[in-house]
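# Fold and contact review
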Amino acid sequence: MRPFGRTGALVSELGFGCASFWGRSMFPEAQAIALVHQALELGISFFDTGASYGGGVAETRLGLALKGRDTSRLLIATKAGPEKINGKVVRDYSPDAIEASLARSRERLGLDTIPLFQLHGPEIPEMTDALFERLWQLRARGWFRLLGLNSFDQEPLDWAIASGRFDTVMLDYNVLRADRAALIGTAAGSGMAAIAGMPLAMGHIDRQALKLRRPSDLWYLARGLAYPRHRADMVAGMRYGFLREIEGWSAAQAALGWVLANPQVSVAVVGTTRPEHLAELAMVPGRQLPQAVMARIADTQHRH
Ligand SMILES: NC(=O)c1ccc[n+]([C@@H]2O[C@H](COP(=O)([O-])OP(=O)(O)OC[C@H]3O[C@@H](n4cnc5c(N)ncnc54)[C@H](OP(=O)(O)O)[C@@H]3O)[C@@H](O)[C@H]2O)c1
């Protein structure tokens, strides 16, 4: 467990991401729910989802998985901003749209109070005073407890940290994004909880998307090819082939071990559709990557 910023709460350093293929209707619901139950049994206390994931399917699934469970010690996080409406993803950070999205999230998740509500990828001009005024009203009404920002862009993250309005930031942090450590340090230094999303670099350090054994792999490959940034990660991931050769560690475990070696990260949120992968990752907290491996990762990062 690690401190969750200035909140006084503790969080498991491994979190479970209810996004990606896990939240798609083509991934069987029973398997998705079983993974959440496995995560709970492993002691995972942080679950991250979003209104846009799977067009709402991901939130509904997480709600079903948590039904009847004691959620009082869990940090359940969702997001608002982009959302699929009539088959199209619409970005809307107006106070009314954010309130409506939060209302739907409470319903789907079966929670009166969302422990962590995050703005999902807004630009700075979209984070208006009117929006914050509404958010404070909704917080006072008990609709959510903590406010976070999820962004992969430097400027909104800098702005959010300096604003003092957010309790958490979620950003992409993995062996391919070592440069994020500076932002994480600033956020943690201001008392915010830093949440590492994509800690396994979306599986690219393990060539996960090239293995093509299941429908999920085809989806991961399509996602990897869809955006220039992801395509670049697939290529950059090839440089970390040495992570597959560490005794006692799989490549995914090593990638997670590197993220958790940063004490300013509160929680690393992994995505998986396989119970054996989750079990393997749950063995990482408490272990330290050998110094020689840390040095080789640093050297590879430095050279590229
Ligand atoms: N990706 C984004 O753009 C994004 C944006 C905002 C927030 N986030 C948050 O970050 C979470 C994680 O992101 P992510 O799922 O995109 O990336 P990730 O956790 O870095 O990587 C997931 C990939 O790693 C594979 N994997 C998981 N465990 C493995 C293991 N033990 N061995 C080998 N491969 C393994 C998964 O495949 P299997 O399914 O086969 O295990 C999947 O292909 C999300 O769920 C979300 O909460 C992500």
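Described below are features of the structure shown in this document. In this text the structure is predicted, and so the values were computed from the model without any measurement. (Residues numbered from 1 in each chain as written. Predicted model: local features only at pLDDT ≥ 70, side-chain atom pairs only at ≥ 80, totals over all residues. Heavy atoms only, no water.)

The next subject is the overall build of the protein chain. The helix and strand inventory of the protein chain stands at eleven helices and twelve strands. For the protein chain, whose C-alpha radius of gyration is 18 Å, the value lies close to the compact-globule estimate of 19 Å for 304 residues. Across its three principal axes, the protein chain shows a C-alpha extent of roughly 50 × 40 × 35 Å. Entry remark: accessible area of the protein chain is about 13,200 Å², with carbon and sulfur atoms responsible for 53%. Averaging the coordinates of the 34 positive side-chain charges in the protein chain and doing the same for the 30 negative ones gives two points 4 Å apart. (Helix = DSSP H or I, 4+ residues; strand = E, 2+ residues; numbered from the N terminus. Rg over C-alpha atoms; globule rule 2.2 N^0.38 Å. Areas by Shrake-Rupley, 256 points an atom, 1.4 Å probe, with all protein chains shown as cover. Lys, Arg positive; Asp, Glu negative; His and termini not counted. Charge placed at Lys NZ, Arg CZ, Asp CG, Glu CD.)

Neighbouring the ligand are 30 residues; Asp48, Tyr220, Thr272, Thr273 and His277 lie closest to it. Residue Ala201 places a main-chain N or O atom 3.3 Å away from an oxygen atom belonging to the ligand. Between Thr272 and the ligand, the recorded distance is 2.5 Å, taken from a side-chain N or O atom to an oxygen atom. Contact with the protein chains covers 95% of the free accessible surface of the ligand, which is 890 Å². Contributing elements (two or more residues each) for the shell around the ligand: helix H7 (215–226), strand S12 (265–270) and helix H10 (275–281). Per-element tally for the shell around the ligand: the top contributor is H10, with three residues. Residues belonging to the shell around the ligand are distributed by class as follows: 15 nonpolar, ten polar and five charged. (Near = heavy atom within 4 Å. Polar contact = N/O pair within 3.5 Å; in protein donor to acceptor, adjacent residues only side chain to side chain. Nonpolar A, V, L, I, M, F, W, Y, C, P; charged D, E, K, R; others polar.)

Once that is clear, we can look at helix H5 (residues 154–163). Of all the positions in H5, only Pro156, Leu157, Ala160 and Ile161 are classed as buried. Projected down its long axis, H5 shows its buried positions confined to an angular sector of 130 degrees, all on one face. Set apart from the buried face of H5 by more than 90 degrees, the exposed residues are Glu155 and Ala162. Those residues of H5 that are buried lie in contact with strand S9 (144–150), strand S10 (168–172) and helix H6 (181–189). Of the residues flanking the end of H5, it is Gly164, one or two places downstream, whose phi is positive at about 70 degrees. (Buried < 20%, exposed > 50% of the residue type's maximum accessible area, 1.4 Å probe, protein only. Arc of directions from axis to C-beta. Contact = heavy atoms within 4.5 Å.)

As a further point, take a negative patch on the surface. Taken together, the side chains of Glu123, Asp153, Glu155 and Asp158 define an acidic patch exposed on the protein surface. Here Glu155 is to be found in helix H5. (Patch = residues over 30% accessible without salt bridge, like charges linked within 9 Å, V, L, I, M, F, W, Y side chains within 5 Å. Salt bridge = Lys/Arg side-chain N within 4 Å of Asp/Glu carboxyl O.)

Below, the discussion takes up the sheet that holds S10. Strand pairing in a sheet relies on backbone hydrogen bonds. The paired strands run either parallel or antiparallel. Sheet architecture is closed into a barrel: eight strands sit in the order S3-S4-S5-S8-S9-S10-S11-S12, paired in parallel fashion. Each adjacent strand pair in this sheet contributes to an overall mean axis angle of 30 degrees, direction not counted. For strand S5 (residues 75–80) and strand S8 (residues 114–120), the ladder comprises four bridges, and the chain directions are parallel. What sits directly across from Thr78, in S8, is Phe117. Contacting S5, S8 and S9, helix H3 (residues 95–109) runs over the sheet at an angle of about 140 degrees to S8. (Pairing = 2+ DSSP bridges. Axes fitted to C-alpha atoms, helices over the stretch in contact; angles between N-to-C directions.)

Attention now moves to the pattern of salt bridges. Going through the model one piece at a time under the given rule, you end up with 20 salt bridges. Glu29 serves as the salt-bridge partner of Arg61, at 3.9 Å between the closest nitrogen and oxygen. Here the residue Arg61 occupies a position in helix H2 (residues 57–66), and Glu29 occupies one in helix H1 (residues 29–41), the gap between them amounting to 32 residues. On the basis of relative accessibility, which here comes to 3%, the residue Arg61 falls in the buried class. Residue classification places Glu29 among the partly exposed residues on the basis of a relative accessible area of 36%.

With the rule as written, the count across this model stands at 13 aromatic pairs. Arranged with centres 5.8 Å apart and planes meeting at 55 degrees, the rings of Phe21 and Phe27 form a pair that is tilted. Since its relative accessible area comes to 2%, Phe21 is described here as buried. A relative accessible area of 4% places Phe27 in the buried class. (Phe/Tyr/Trp six-rings, centres within 6.5 Å; stacked < 30°, edge-to-face > 60°.)

Glancing now at unusual backbone geometry. Of note, Met198 is a non-glycine position whose phi angle comes to about 50 degrees, a positive value. Along the chain, Met198 falls in the loop between strand S11 (193–197) and H7. Here Met198 falls in the buried class, since its relative accessible area comes to 17%. The phi dihedral of Met202 is positive, around 55 degrees, even though this residue is not glycine. Tracing the sequence through the fold places Met202 in the loop between S11 and H7.

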